[in-house]
Amino acid sequence: MCPDMGQATGTNRYGILCALGAYALWGFLPVYWKAVQRVPAVEILAHRIFWSFLFLAGLVRLRGTSSSLLPAVRQRKTMLVYLMAALLLSVNWGTYIWAVNADRIVETSLGYYINPLLSVGLGVFFLKERLGMLQWVAVVLATVSVGYLTLAQGALPWIALVLATSFALYGLLKKLAPLNALHGLTIETAMLAPLALVYLGVLEASGTGSFAHGETLTTVLLAMAGVVTATPLLLFAVAARQISLTSLGILQFFSPTCGLFLGVIVYREPFPRPKQIAFAIIWAALALYWFEVLRLRKPQFASRASS
């Protein structure tokens, strides 16, 4: 894991390495879920939640920061925020796992390309953030892309929309939440872990569970789901403190690009002309958005350099 060098401005190599590590792990996560494809998606989700909680709780205990969770746990409004975040996270994780194992990786990639533009829209609506003209054009293009794909396929690209919406809303809630990434995710998984454990217990009692009843590799992979889930999140948390948000945002597209590569090249998923056009529109929207971000930030960089 990248060392935490504390607060820093601009870009440094440690932050970039952490960001690339996080996005690479997220981008190639389909390979992991494909390895346990024989296990039902809901069961994989339950294991992911339960083992993530154990791993994160262990990290909190190891760092000796358990006491800092108590003030948040005692505040009803704070816990309500984390409960909503936990529910959104479970929807996002469950949809993603199901889609990967249903050979719909390309659609998950589309969802995570749409996600940052949807987050921008939520920022404008809920946080009263302002956008430049090109950024508004980017948001409109993203809407056009979804509309075109819906008309071309005769159905909404619901997987992409569920993933993008759930993660964008999750990001909005995390922006309002008071705790850091480790403590926040620990509380979220703690809320979901009892339900996951009960579900896994029911499967075990009925003799339909996969854990320790099939291939050893499957059992190991299910148990390691917590580490696989938490590691990129922790790398991302370090990167967010090390490099600028602009750099972090641009690097973000490494993840869905990896997913698109896996879906089309490795797993040979169909990539018909309507999807190609929809992706092209999204890429144009993202290019416009980040061009505007960089253009607006140039005066800030110039003033810092002269000071």
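This section reports on the structure supplied with the text. Every chain is numbered independently, its residues counted from 1 as its sequence is written. Local features are withheld for residues below a pLDDT of 70 in this predicted model, meaning they are given only at 70 or higher, and side-chain atom pairs are given and counted only at 80 or more; totals for whole chains, interfaces and linings count all residues. Side-chain metrics in this entry use all non-hydrogen atoms of the structure; hydrogen atoms and water are not considered.

1. Some details on the overall build of the chain
Here is step 1 of the chain: By the criteria applied, helices consist of DSSP H or I runs no shorter than four residues and strands consist of E runs no shorter than two, each listed in order from the N terminus. Across its full length, the chain carries 14 helices and zero strands.
Here is step 2 of the chain: Ordering the α and β elements of the chain from the N terminus gives α-α-α-α-α-α-α-α-α-α-α-α-α-α.
Here is step 3 of the chain: Against the 2.2 N^0.38 benchmark of 19 Å for 307 residues, the chain shows a C-alpha radius of gyration of 20 Å, consistent with a compact globule.
Here is step 4 of the chain: Between buried and exposed lies partly exposed: a residue is buried under 20% and exposed over 50% of the maximum accessible area for its type, with that area taken using a 1.4 Å probe on protein chains only. Burial status across the chain gives 45% buried among its 307 residues.
Here is step 5 of the chain: Here, two residues are considered to be in contact whenever any of their heavy atoms come within 4.5 Å of each other. Sequence-distant contacts, at least 24 apart, represent 84% of the contacts inside the chain between residues at least 6 apart. Radius of gyration here is computed from C-alpha atoms only, and the compact-globule reference equals 2.2 Å multiplied by the residue count raised to the power 0.38.

2. Focus on the packing of helix 5 (residues 76-101) against helix 9 (residues 181-206)
Describing two packed helices takes the angle between their axes plus the distance from one axis to the other.
Here is step 1 of the chain: Interhelical geometry of helix 5 versus helix 9 gives an angle of 75 degrees and a closest axis separation of 9 Å. As far as their axial angle goes, helix 9 and helix 5 are roughly perpendicular. Contacts between helix 5 and helix 9 involve Met-79, Tyr-82, Leu-83, Ala-85, Ala-86, Leu-89, Ser-90 and Trp-93 from the former and Gly-184, Leu-185, Ile-187, Glu-188, Thr-189, Met-191 and Leu-192 from the latter.
Here is step 2 of the chain: Classifying every residue of the contact of helix 5 with helix 9 gives eleven nonpolar, three polar and one charged. Note on definitions: angles span 0 to 180 degrees between N-to-C directions of axes, and those axes are lines fitted to C-alpha atoms, for helices only across the stretch in contact. Put simply, angles under 35 degrees are roughly parallel, angles over 145 are roughly antiparallel, angles from 65 to 115 are roughly perpendicular, and the rest are oblique. The nonpolar class holds Ala, Val, Leu, Ile, Met, Phe, Trp, Tyr, Cys and Pro. Asp, Glu, Lys and Arg form the charged class, and all remaining residues, Gly among them, are polar.

3. Quick word on helix 7 (residues 133-153)
Think of an α-helix as 3.6 residues a turn; residues three or four steps apart then line up on the same face.
Here is step 1 of the chain: The length a helix should cover is 1.5 Å for every residue beyond the first. With 21 residues, helix 7 ought to run about 30 Å at 1.5 Å a step, and its terminal C-alpha atoms sit 30 Å apart, in line with that.
Here is step 2 of the chain: Here helix 7 has its buried residues at Gln-135, Ala-138, Val-139, Ala-142, Ser-145, Val-146 and Leu-149. Down the axis of helix 7, the buried side of the element spans an arc of 110 degrees, and every buried residue falls inside it. In this structure, helix 7 carries Met-133, Thr-143 and Leu-151 as exposed residues pointing more than 90 degrees from its buried face. By definition, the arc is the one covered by directions from the helix axis to the C-beta atoms.

4. Some points on the side chain of Glu-43
Here is step 1 of the chain: Examined against the element boundaries, Glu-43 turns out to sit in helix 3 (residues 41-63).
Here is step 2 of the chain: Every residue in contact with Glu-43, bar those within four places of it in the chain, is listed here: Tyr-199, Leu-200, Leu-203, Thr-208, Gly-209, Ser-210 and Phe-211.

5. Quick word on the packing of aromatic side chains
Here is step 1 of the chain: Only centres within 6.5 Å qualify two rings of Phe, Tyr or Trp (six-membered ring in Trp) as a pair; their planes then separate them into stacked at under 30 degrees, edge-to-face at over 60, and tilted for everything else. Throughout the structure, instances matching the rule amount to 18 aromatic pairs.
Here is step 2 of the chain: Between Phe-50 and Trp-51 the ring centres are 5.3 Å apart and the planes differ by 70 degrees, which places this aromatic pair in the edge-to-face class.
Here is step 3 of the chain: Pairing Phe-125 with Phe-126 gives two aromatic rings, centres 4.9 Å apart and planes at 80 degrees, and the pair type is edge-to-face.
Here is step 4 of the chain: You can call Phe-126 partly exposed: its relative accessible area is 46%.

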